[in-house]
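# Structural description and commentary
One letter stands for each residue in the lines below.
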Amino acid sequence: MIRIDLPVAEEPIRKLKVGDEVGVYGVMITARDAAHKYLVEEDGAEVREVLQGGMIYHCGPVVRQSDAGWQFVAAGPTTSKREEPYEAEVIAQYGVRAVIGKGGMGERTLAACKEHGAVYLHAIGGLAVILARSVRKVREVHKLDEFGAPEAMWVIEVENFPAIVTMDSHGNSLHAEVLKNSTERAQKLLAQW
Amino acid sequence: METQKLDEWLLELIRLTSCELAPDVERALCAARDAEQGRARSTLDWMLRNAQEARESSMPICQDTGSLIFYIDHGPDLDQEQMTQSFLRAVIKATERSLLRPNAVDPVSGKNTGNNLGVGAPVLHFHPGLAAGKLSVRLMLKGGGSENCGVQYALPDGSLQAGRDLNGVKRCVLDAALRAQGFGCAPGTLGVGIGGDRMTSFQESKEQFFRPLDDVNTDPILAAMEKELLESINQLEIGPMGFGGQSTVLGVKMGLRHRVPASYFVSVSYMCWAYRRRCLQVENGQAVYL
């Protein structure tokens, strides 16, 4: 397990390779569809600092509010490919060092990772309780009323958040590899049918 | 049936479905883990640990608590309108208690209603026909990531060389599994509806998810096809979460609906590994959860 503390510089991110397992510590922010649209089309001033050298987590959590503030109850990753139209711009404009989600992303994001020194980290889908427990504190939330709880931008402090590098900053993607291999295998089966 | 009791039973059904994986699903995940190595094995281990922690702490297994799909079989003594109000109250309360994420979004305004109620939400299918005093409620929580992997084919499909026969059906199902990769949170389960119209074909595919994972189709032809497809798809090496490995699907479940001569639909629905469905049965005022 490679420890990553946020904010992180380009150099340790460049060292990461597909297949590396990481544990993330520090402050990150959740963002899904509405947030990505907002970050690209508007200024995003309130989250610029935390995104610089930071990480975006594709997640729409189940939250609970008490006297002690907000708490993450269930918080696994959501499908990342919906953010493909926006992510390359977000990485470039905000200096994001990693995107955490599930399912991987496409060519444009892979190219942006290579150009700007960023990686895609895959969290295990449905690992909602374990990942929510790695969120030690909810610092603040942006756009809660406008976007609703799942789509709001939650600023969270995490400790040993587990993820796997599936797209690195050197153009490698585990997703592209698995797609190629499985497509070839399917074609062989179809030829027999 | 007392309204207050029904409200409590339904709330417990929602809690159980959201927080506790059904035993047949957990057994299938354990068997998949034991057969794997390396990253595929550790990924399945994480999933099983998460299921255990969710159960022990009564928290949702997955943050996407999905669409709520209820199938209700009831006796003549129960009024559907009154029951509907109980379902709505239970859903509101479950959302307040963070057992469900607010998941009802108006597609025009973009507004989330905040309580899981909306036009067509939750989904309630009522079937009268049971004896008086009896009630059976089946609930499925269908997450959005896996739902997005669903696909419907109209045979013949030239690009798949899929004709209007069972070989064509098989080609469609393999294609759906390939397209899904790990996106639906593999290892998933495929529900397949053969025939019907566009709506009932998908409905059949969804209803397949209420079958126990380890059952055998009562139709021997479909049973053989389910087995063959399960084995074939697990040779694709997509693996848990699409990281590679042998456990791509836990099951393939197929059902048919008679079609009109002009149409031949094959509908494939994808259920994620966090396969959440449970049943409440009431008889003589006693509730049992399955």
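Moving on: the sheet that holds strand E1 (residues 67-74) of chain B. All names here are of chain B. Read across the sheet, 5 strands follow the order E2-E1-E3-E8-E9 without closing on themselves; strand pairing throughout is mixed. Each having just a single partner strand, strand E2 (123-128) and strand E9 (286-289) make up the two edges of the open sheet. When strand polarity is set aside, the average angle formed by the axes of neighbouring strands in this sheet is 15°. As judged from the 6 bridges shared by E1 and E2, these two strands associate in the parallel manner. Its bridge partner lying in E2, Ile69 is registered against Val123. Against the sheet, helix H7 (residues 198-207) contacts E1, E2 and strand E3 (134-142), and its axis sits at roughly 85° relative to E1.

Bringing the pairing of strand E7 (residues 119-122) of chain A into the picture now. All names here are of chain A. Of the two faces of E7, both are covered, the one formed by Val119 and Leu121 as well as the one formed by Tyr120 and His122. As judged from the 4 bridges shared by strand E6 (residues 98-101) and E7, these two strands associate in the parallel manner. Following the sheet pairing, Gly101 is matched in E7 by His122. With helix H5 (residues 107-116) bridging E6 and its parallel neighbour E7, the resulting β-α-β unit is right-handed.

Before going further, it helps to spend a moment on the pattern of salt bridges. Residues and elements named next belong to chain B. Under the defined criterion, the tally for this structure stands at 34 salt bridges over all chains. Lys134 is paired through a salt bridge with Glu283; the nearest N and O atoms lie 3.8 Å apart. Within this pair, whereas Lys134 is found in strand E3, its partner Glu283 is found in strand E8 (residues 276-283), the two being separated by 149 residues in sequence. Owing to a relative accessible area of 42%, Glu283 belongs among the partly exposed residues under this scheme. With a shortest N-O distance of 2.8 Å, Asp215 and Arg211 are connected by a salt bridge. On the accessibility criterion, Arg211 (14% relative accessible area) is buried. It is possible to trace a salt-bridge network through shared partners that takes in Arg211, Asp215, Glu226 and Lys253.

Residues and elements named next belong to chain B. Turning to its location among the elements, Arg33 is positioned in helix H2 (residues 23-35). The class of Arg33 is buried, set by a relative accessible area of 18%. Beyond its immediate stretch of four places on either side in the chain, Arg33 contacts Arg41, Leu44, Asp45 and Leu48.

Here the focus is the sheet that holds strand E6 (residues 249-257) of chain B. Residue and element names in this part refer to chain B. Pairing within the open sheet is mixed, and its 4 strands lie in the order E4-E7-E5-E6. The sheet is open, and its two edges are formed by strand E4 (151-154) and E6, each paired on a single side. Sheet twist, expressed as the mean angle between neighbouring strand axes with direction ignored, is 15°. Bridge count for strand E5 (residues 188-195) against strand E7 (residues 265-271) is 6 bridges, and the pairing is antiparallel. Along E7, the bridge assignment pairs Thr189 with Met271. The sheet contacts of helix H6 (residues 166-180) involve E4, E5, E6 and E7, and relative to E4 the element is tilted by about 150°. On the sheet, helix H8 (residues 220-233) packs against E5 and E6 and is oriented at approximately 145° with respect to E6.

Criteria and cut-off values
Residues numbered from 1 in each chain as written. Chains lettered and ligands numbered in written order. Predicted model: local features only at pLDDT ≥ 70, side-chain atom pairs only at ≥ 80, totals over all residues. Heavy atoms only, no water. Pairing = 2+ DSSP bridges. Helix = DSSP H or I, 4+ residues; strand = E, 2+ residues; numbered from the N terminus. Axes fitted to C-alpha atoms, helices over the stretch in contact; angles between N-to-C directions. Contact = heavy atoms within 4.5 Å. Buried < 20%, exposed > 50% of the residue type's maximum accessible area, 1.4 Å probe, protein only. Right-handed = clockwise from strand over helix to strand, strands pointing away. Salt bridge = Lys/Arg side-chain N within 4 Å of Asp/Glu carboxyl O.

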